[in-house]
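So you can see what is in the structure, the chains are spelled out below.
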Amino acid sequence: MSRNNNKQPVGFATHITAGGMAGACEALVCQPLDTIKVRMQLSKSGRAPGTKARGFIATGIFIVKRETPLALYKGLGAVLSGIVPKMAIRFASFETYKGWLADKETGKTSVGNIFIAGLGAGTSEAVAVVTPMEVVKIRLQAQQHSLADPMEAPRYRNAGHAVYTIVREEGIATLYRGVSLTALRQATNQGANFTAYQEIKKVAHKFQPELTDLPSYQHMIIGLISGAMGPFSNAPIDTIKTRLQRATAIPGQSAFQRIAAIGADMWKTEGVRSFYKGITPRVLRVAPGQAIVFAVYERVRGMIESVQPRIQEDDGYSE
């Protein structure tokens, strides 16, 4: 994603290093917001006539009072264990698909093809890593036990124990429950994310032609804007997916039937607003998360590129 092609092509090891460090920073900073989002999506509060669903701040306060502040980091182990391959696959597959879709003569990729490459990257990471990681994460986050009370034993002790228990009791296929919705969510997320990021980055370069690389604070601002687009476009998908991955499978019921049943029940008992439960913490988690990811990724990638031998100068623009 650099402006000049005067460095050697970035290898897969660079994507693993830069993407993994970016993802780890994002997880450590934003995990509390994700836990609040999941609890809001799973909550049945507000169903009774005349009552309101518990909001973002109220949900966070409830978790802290009931379960201690550390409860906001439930599921962090599952996230960290999957974040390195997730980010490696995201950036490596995006660059690969983008290269395949580039014009053979100019080497440049159109806006439409950048969006398609983003869709492919999101689908790839969803199938390979995100779905099983989120099933485990959501199971851990859904446990409302107090971390201050050693007598209140949770069903899942940690990410490894959760994987073992889920596979033993429900089968390995359970780790891929909701894969279609997860793939759809990640595809639309990354399609919008990469397209917006690269197009806004082009504009920033045009207004600052003297800069070879944008400063980190600009990468953060651009990432913040691009990261906010996905959640607003696919919030209902994410809410249904969360409930699907939390629930126990009903024998004889297909994945489509489960999705339809969850959606119909939400519409009937909670109304259309239930599909957007958790949208505030999700935007507050995803948008700053993408700001961190792109800023760290670009900085680490730039550091790795700076120690590589330069090759023939090229005035082309790789965006």
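Everything numeric here is computed off the predicted structure, so don't read it as measured data.

Caption draft 1: Spotlight on the overall build of the protein chain. Looking only at helices and strands, the protein chain features nine helices and zero strands. Listing each helix as α and each strand as β along the protein chain from the N terminus yields α-α-α-α-α-α-α-α-α. Compactness check: the protein chain gives a C-alpha radius of gyration of 21 Å against a globular reference of 20 Å for 319 residues, within 12% of the reference. Projected onto its principal axes, the C-alpha positions of the protein chain cover 65 × 40 × 40 Å. A burial count over the protein chain gives 52% of its 319 residues as buried. If you take every contact in the protein chain between residues at least 6 apart in sequence, the share linking residues at least 24 apart comes to 82%. Only carbon and sulfur atoms are counted for the fraction: they give 65% of the accessible area of the protein chain, which is about 14,900 Å². Of the charged side chains in the protein chain, 38 are positive and 24 negative, and the gap between their average positions amounts to 10 Å.

Caption draft 2: Highlighting the layout of surface pockets. Taken as a whole, the second largest pocket holds about 440 Å³ of empty space. Within the lining of the second largest pocket, the residues separate by chemical class into five nonpolar, eight polar and five charged.

Caption draft 3: Inspection of helix H9 (residues 279-306) at higher detail. With 28 residues, H9 ought to run about 40 Å at 1.5 Å a step, and its terminal C-alpha atoms sit 39 Å apart, in line with that. In terms of residue burial, H9 counts as a mostly covered element, since 20 of its 28 residues are buried.

Caption draft 4: Spatial organisation of the environment of Ala117. Looking at the element boundaries, Ala117 is found in helix H4 (residues 111-141). Overall, the relative accessible area of 0% leaves Ala117 in the buried class. Residues Ala117 and Thr59 lie 58 residues apart in sequence; the distance between their C-alpha atoms is 37 Å. Other than its neighbours up to four places away in sequence, Ala117 contacts Phe94, Tyr97, Lys98 and Leu101.

Caption draft 5: View of the confidence of the model for the protein chain. Mean pLDDT over the protein chain: 86, with 91% of residues reaching 70 or higher. Below pLDDT 50 for its whole length, residues 310-319 participates in 31 contacts with residues either more than four positions away or in separate chains.

Caption draft 6: View of empty space enclosed by the protein. Taken as a whole, this structure holds one cavity of 30 Å³ or more when the rule is applied. Reported here for the largest cavity is a volume of approximately 330 Å³. Together, 23 residues line the largest cavity, and Lys86, Arg185, Gln186, Arg285 and Val286 are the ones closest to its centre. Those elements giving two or more residues to the lining of the largest cavity turn out to be helix H1 (12-42), helix H3 (76-101), H4, helix H6 (179-207), helix H7 (216-246) and H9. If you tally residues by element for the lining of the largest cavity, the top one is H6, at five residues.

Caption draft 7: Main features of a nonpolar patch on the surface. A surface patch of nonpolar side chains, about 470 Å² in accessible area, is lined by Tyr217, Ile221, Leu224, Ile225 and Met229. You can call Ile221 partly exposed: its relative accessible area is 45%.

Caption draft 8: Focus on the pattern of salt bridges. For the structure shown, the criterion picks out 22 salt bridges. With a shortest N-O distance of 2.7 Å, Lys137 and Asp34 are connected by a salt bridge. Of the two residues, Lys137 is situated in helix H4 and Asp34 in helix H1; the sequence distance between them amounts to 103 residues. As far as burial versus exposure is concerned, Lys137 and Asp34 are alike and both buried. Between Arg155 and Glu169 there is a salt bridge, and its shortest N-O distance comes to 2.3 Å. Note that Arg155 is positioned in the loop between H4 and helix H5 (159-170) and Glu169 in helix H5, a separation of 14 residues in sequence. The class of Glu169 is partly exposed, set by a relative accessible area of 41%. If you follow the salt bridges from partner to partner, you end up with Glu26, Asp34, Lys37, Glu134, Lys137, Arg185, Asp238, Lys241, Arg282 and Arg285 in one network.

Caption draft 9: Region of the structure containing the packing of H7 against H9. Across the interface, H7 lies against H9 with an axial gap of 7 Å and an inter-helix angle of 140°. Two packed elements cross with a definite hand, and for H7 against H9 that hand is right-handed. Residues belonging to the contact of H7 with H9 are distributed by class as follows: 14 nonpolar, seven polar and four charged.

Caption draft 10: Highlighting the packing of H3 against H4. Where H3 meets H4, the closest approach of the two axes is 8 Å, and the angle between their N-to-C directions is 160°. When the axes of H3 and H4 are compared, the pair comes out roughly antiparallel. Considering only the axes of H3 and H4, their crossing is right-handed.

Parameters and conventions
Residues numbered from 1 in each chain as written. Predicted model: local features only at pLDDT ≥ 70, side-chain atom pairs only at ≥ 80, totals over all residues. Heavy atoms only, no water. Helix = DSSP H or I, 4+ residues; strand = E, 2+ residues; numbered from the N terminus. Rg over C-alpha atoms; globule rule 2.2 N^0.38 Å. Buried < 20%, exposed > 50% of the residue type's maximum accessible area, 1.4 Å probe, protein only. Contact = heavy atoms within 4.5 Å. Areas by Shrake-Rupley, 256 points an atom, 1.4 Å probe, with all protein chains shown as cover. Lys, Arg positive; Asp, Glu negative; His and termini not counted. Charge placed at Lys NZ, Arg CZ, Asp CG, Glu CD. 1 Å grid on protein atoms, 1.4 Å probe; cavity = no way out; pocket = protein on both sides within 12 Å on 5 of 7 lines; lining within 4 Å. Points joined across faces, edges and corners; volume = space filled by probe spheres on them. Nonpolar A, V, L, I, M, F, W, Y, C, P; charged D, E, K, R; others polar. Expected span 1.5 Å × (residues − 1). pLDDT = per-residue confidence, 0-100. Patch = residues over 30% accessible without salt bridge, like charges linked within 9 Å, V, L, I, M, F, W, Y side chains within 5 Å. Salt bridge = Lys/Arg side-chain N within 4 Å of Asp/Glu carboxyl O. Axes fitted to C-alpha atoms, helices over the stretch in contact; angles between N-to-C directions. Left-handed = near helix turned anticlockwise from the far one by under 90°. Parallel < 35°, antiparallel > 145°, perpendicular 65-115°, else oblique.

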